[in-house]
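# Secondary and tertiary structure notes
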Amino acid sequence: MGRRGKKKGRPISGWVVLDKPVGMGSTEAVSKIKWLFQAEKAGHAGTLDPLASGMLPIALGEATKTVPYVQDGAKIYRLTVAWGEERSTDDLEGPVTQSSDRRPAEEDVRALLPNYTGVIMQTPPQFSAIKISGERAYDLARGGETVDIPAREIEIGRLDIVEHAADHTLFEVECGKGTYVRSLARDMGRDLGCFGHIAELRRVEVEPFTQEDFVTVAELEAARFGEQREADKEGDADVADAPIDFGAIDALLVDTAAALDCLPQIAISDEAATKIRLGNPVIIRGRDAPVEAEEACATARGKLVAIGAIEQGMFKPKRVFAG
């Protein structure tokens, strides 16, 4: 057997809360960020369609271990639903499948909102990543098949009208994991008897991140290449050929531990951190320390050490993070 190749890239860890532009796919965005940071490892917490813009949290290095906690977080979208047409993809990408001259009044749309809040049943779009008999629904749909996708339970925290016009309505929705906002547009259009599809979609929050954490590709590129590009323009070969300083772009990362705000936080000593990183349990000390917790995260000097369970006053590590 051949030896495993040495990992390429830097062992950098943290979250990039990317403001993804329209036209860029989620996989493309991850590759771009990984390249900009020259990171060993990268992944994202929840796909965002190419036609959608907004928050795409991208994890680098050790932060990839916290992706499931971000994926499970509540999300907030702003969506413009165009009335009068239903499309095969439930957005602008697909052809029109049904149309109507009818347009809903604002009071009709508002009266419908209680039906779409709380715990509801929702059928995902034909063009979705749901697996049907081992195949992705979008692959079957592209092949011309209409598949029976079972409805599933989702939760909508709130659905508000931001703006209403004759032929479209702008909504803001807060929803849980597994919600398809394209299905909301499709189903509301059918209920209103006028059909509808997503004309514009922007994700503005993925818990625990907010718009204050946003960073754009342009900002990342400026931080990564600013000095080198100026040197190239001025013909300063010594500066342009110097080792790359990643300090400016690394400063735009959100700390890995930010993804775990949903868990109890346990502060531990350096000695305890060393034991935990070796896979050993430690006794949790302190008057306010919980005696039992299915999941908690341990930190030392503000740095994430491990995720684990607390049983009978003892922290037992399940997933350890490099120091």
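Cut-offs and rules
- Residues numbered from 1 in each chain as written.
- Predicted model: local features only at pLDDT ≥ 70, side-chain atom pairs only at ≥ 80, totals over all residues.
- Heavy atoms only, no water.
- Helix = DSSP H or I, 4+ residues; strand = E, 2+ residues; numbered from the N terminus.
- Buried < 20%, exposed > 50% of the residue type's maximum accessible area, 1.4 Å probe, protein only.
- Contact = heavy atoms within 4.5 Å.
- Areas by Shrake-Rupley, 256 points an atom, 1.4 Å probe, with all protein chains shown as cover.
- Pairing = 2+ DSSP bridges.
- Axes fitted to C-alpha atoms, helices over the stretch in contact; angles between N-to-C directions.
- Phe/Tyr/Trp six-rings, centres within 6.5 Å; stacked < 30°, edge-to-face > 60°.
- Lys NZ or Arg CZ within 6 Å of the ring centre and 35° of its normal.

### A look at the overall build of the protein chain
Across its full length, the protein chain carries 9 helices and 17 strands. For the protein chain, the proportion of its 323 residues judged to be buried stands at 46%. For the protein chain, restricting intrachain contacts to residue pairs at least 6 apart in sequence, the fraction spanning at least 24 positions comes to 70%. Summing over all exposed atoms, the protein chain offers an accessible surface of approximately 17100 Å²; the carbon and sulfur share of this is 48%.

### A look at the sheet that holds strand β14 (residues 282–283)
What the 5 strands build is an open sheet, ordered β13-β15-β16-β17-β14; its pairing is mixed. In this open sheet, the two strands that pair with only one neighbour each are β13 (265–267) and β14. Where strand β16 (residues 303–311) meets strand β17 (residues 314–320), 6 bridges bridge the pair, whose relative direction is antiparallel. Its bridge partner lying in β17, A309 is registered against K316. Contacts between helix α9 (residues 270–277) and the sheet are confined to β14, β15 (293–300), β16 and β17, with β16 contributing the most and set at about 75° to the helix.

### So, the pairing of strand β11 (residues 168–175)
Across the 8 residues of β11, 6 count as buried, placing the element largely inside the fold. Alignment of strand β10 (residues 152–164) against β11, held across 7 bridges, turns out to be antiparallel. Residue D160 lies in a different strand from β11, and its bridge partner there is E172. Counted along the chain from β10 to the antiparallel partner β11, the turn is 3 residues long.

### Observations concerning the packing of aromatic side chains
Remark: the centre distance and the inter-plane angle together describe each pair of aromatic rings, the angle taken between the planes. Tallied over the entire structure, the rule returns 2 aromatic pairs. For the ring pair W15 and F209, a centre distance of 5.5 Å and an interplane angle of 55° mean the geometry is tilted. One end of the pair, W15, is in strand β1 (residues 14–20); the other, F209, is in the loop between β12 (196–206) and α6 (217–234), with 194 residues separating them in the sequence. Across the pair, exposure class does not vary: W15 and F209 are buried alike. Between W35 and F225, the ring centres sit 5.6 Å apart and the planes meet at 40°, which makes this aromatic pair tilted. Here F225 lies in helix α6 and W35 lies in helix α1 (residues 26–37), a separation of 190 residues in the sequence. Overall, the relative accessible area of 46% leaves W35 in the partly exposed class. In this structure F225 comes out as buried when scored by relative accessible area, which is 15%. In this structure, R10 is placed above the aromatic ring of F246, and the distance from its NZ or CZ to the ring centre is 3.8 Å.

### Brief notes about the environment of P95
Among the structural elements, P95 can be located in the loop between β5 (85–87) and β6 (96–99). Setting aside residues no more than four positions away along its own chain, P95 makes contact with E86, R87 and S88.

### Concerning the pairing of β15
Counting buried residues along β15, 6 of its 8 residues qualify, which places the element largely inside the surrounding structure. In the sheet, β13 pairs with β15 via 3 bridges, with the strands oriented parallel. Bridging from a neighbouring strand, A267 pairs with T299 of β15. Two strands pair when backbone bridges link them, and β15 and β16 are joined in this way by 6 bridges, in the antiparallel orientation. Looking at β16, one finds that A298 is bridged to A306. Count of turn residues in the β15/β16 antiparallel hairpin: 2 residues, of which R301 carries a positive phi of about 55°.

### Let's talk about unusual backbone geometry
Each neighbour pair has its own omega, and for E207 with P208 the value is 15°, a cis peptide bond. Tracing the chain through its elements places P208 in the loop between β12 and α6. Unlike most non-glycine residues, Q38 shows phi in positive territory, near 50°. Within the secondary structure, Q38 sits in the loop between α1 and β2 (42–44). What makes Q38 partly exposed here is its relative accessible area of 31%. With a phi angle near 65°, D90 is a residue other than glycine that sits in the positive phi range. By secondary structure assignment, the location of D90 is in the loop between β5 and β6.

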